[in-house]
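A structural walkthrough
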Amino acid sequence: MPTIKLKGLSASSYYLIEEINLHEKQQPHCQQNGILMSGSDLLNRGIRLNLVEEYDSAVLTFTEQAYE
(Lines give C-alpha, C1' and ligand atoms only; values in the text may rest on other atoms or scores of the structure.)
Protein backbone atom coordinates (compact mmCIF):
# COMPACT_ATOMS: atom_id res chain seq x y z
CA MET A 1 0.00 0.00 0.00
CA PRO A 2 1.22 3.50 -0.71
CA THR A 3 2.05 5.97 2.01
CA ILE A 4 -0.71 8.53 2.58
CA LYS A 5 0.61 12.01 3.36
CA LEU A 6 -1.93 14.19 5.07
CA LYS A 7 -2.72 17.82 4.34
CA GLY A 8 -4.33 20.61 6.34
CA LEU A 9 -2.78 19.75 9.70
CA SER A 10 -0.67 22.04 11.84
CA ALA A 11 2.98 20.96 11.64
CA SER A 12 3.57 22.18 15.21
CA SER A 13 0.63 20.25 16.75
CA TYR A 14 0.27 16.62 17.82
CA TYR A 15 -2.56 14.33 16.75
CA LEU A 16 -4.03 11.18 18.27
CA ILE A 17 -4.80 8.69 15.51
CA GLU A 18 -7.76 6.36 16.06
CA GLU A 19 -9.29 3.84 13.68
CA ILE A 20 -13.00 3.95 14.45
CA ASN A 21 -14.53 1.28 12.20
CA LEU A 22 -12.98 -1.79 13.85
CA HIS A 23 -15.15 -4.79 14.58
CA GLU A 24 -14.78 -6.72 17.82
CA LYS A 25 -11.33 -8.40 18.03
CA GLN A 26 -10.37 -7.04 14.58
CA GLN A 27 -6.77 -5.95 14.12
CA PRO A 28 -6.35 -2.32 13.04
CA HIS A 29 -5.48 -1.57 9.42
CA CYS A 30 -3.42 1.42 10.56
CA GLN A 31 -0.14 0.67 12.36
CA GLN A 32 -0.34 4.07 14.06
CA ASN A 33 -3.76 3.37 15.64
CA GLY A 34 -3.81 4.81 19.19
CA ILE A 35 -0.51 6.64 18.64
CA LEU A 36 0.17 10.33 19.18
CA MET A 37 2.09 11.73 16.18
CA SER A 38 3.35 15.17 15.32
CA GLY A 39 1.64 17.09 12.57
CA SER A 40 5.04 17.45 10.94
CA ASP A 41 5.45 13.65 10.72
CA LEU A 42 1.93 13.20 9.37
CA LEU A 43 2.48 15.88 6.73
CA ASN A 44 5.96 14.73 5.68
CA ARG A 45 6.16 10.97 6.40
CA GLY A 46 2.46 10.10 6.33
CA ILE A 47 0.79 6.86 7.40
CA ARG A 48 0.47 3.40 5.87
CA LEU A 49 -2.68 1.33 5.85
CA ASN A 50 -2.69 -2.45 5.58
CA LEU A 51 -5.64 -2.94 3.22
CA VAL A 52 -5.24 -6.36 1.57
CA GLU A 53 -8.71 -7.86 1.19
CA GLU A 54 -11.12 -6.77 -1.55
CA TYR A 55 -13.48 -4.77 0.69
CA ASP A 56 -11.04 -3.65 3.42
CA SER A 57 -11.47 -0.09 4.61
CA ALA A 58 -10.27 2.12 7.43
CA VAL A 59 -11.94 5.17 8.95
CA LEU A 60 -9.46 7.24 10.93
CA THR A 61 -9.83 10.27 13.16
CA PHE A 62 -7.01 12.71 13.85
CA THR A 63 -7.68 14.59 17.09
CA GLU A 64 -5.40 17.51 17.91
CA GLN A 65 -3.92 17.10 21.38
CA ALA A 66 -2.25 19.46 23.81
CA TYR A 67 1.29 18.14 24.24
CA GLU A 68 3.74 19.57 26.72
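Use the structure listed above.
Below is a summary of the structure that appears in this document.

About the cut-offs
- Residues numbered from 1 in each chain as written.
- Predicted model: local features only at pLDDT ≥ 70, side-chain atom pairs only at ≥ 80, totals over all residues.
- Heavy atoms only, no water.
- Helix = DSSP H or I, 4+ residues; strand = E, 2+ residues; numbered from the N terminus.
- Contact = heavy atoms within 4.5 Å.
- Buried < 20%, exposed > 50% of the residue type's maximum accessible area, 1.4 Å probe, protein only.
- Pairing = 2+ DSSP bridges.

Here the focus is the environment of Ser13. Looking at where Ser13 falls in the secondary structure, it is placed in the loop between β1 (3-4) and β2 (14-19). Considered as a pair, Ser13 and Ala66 are 53 residues apart in the sequence and their alpha carbons are 7.7 Å apart. Residue contacts for Ser13: discarding those within four places in its chain leaves Met37, Ser38, Gly39 and Glu64.

Moving on: the pairing of β2. Residues of β2 alternate between two faces, with Tyr15, Ile17 and Glu19 buried on one and Tyr14, Leu16 and Glu18 left unburied on the opposite face. Pairing of β2 with strand β3 (residues 36-38) involves three bridges; the strand directions are antiparallel. When the sheet's bridge partners are listed, Leu16 is paired in β3 with Leu36. For β2 and strand β5 (residues 60-65), the ladder comprises six bridges, and the chain directions are antiparallel. Within β5, the position partnered with Tyr14 by the bridge is Gln65.

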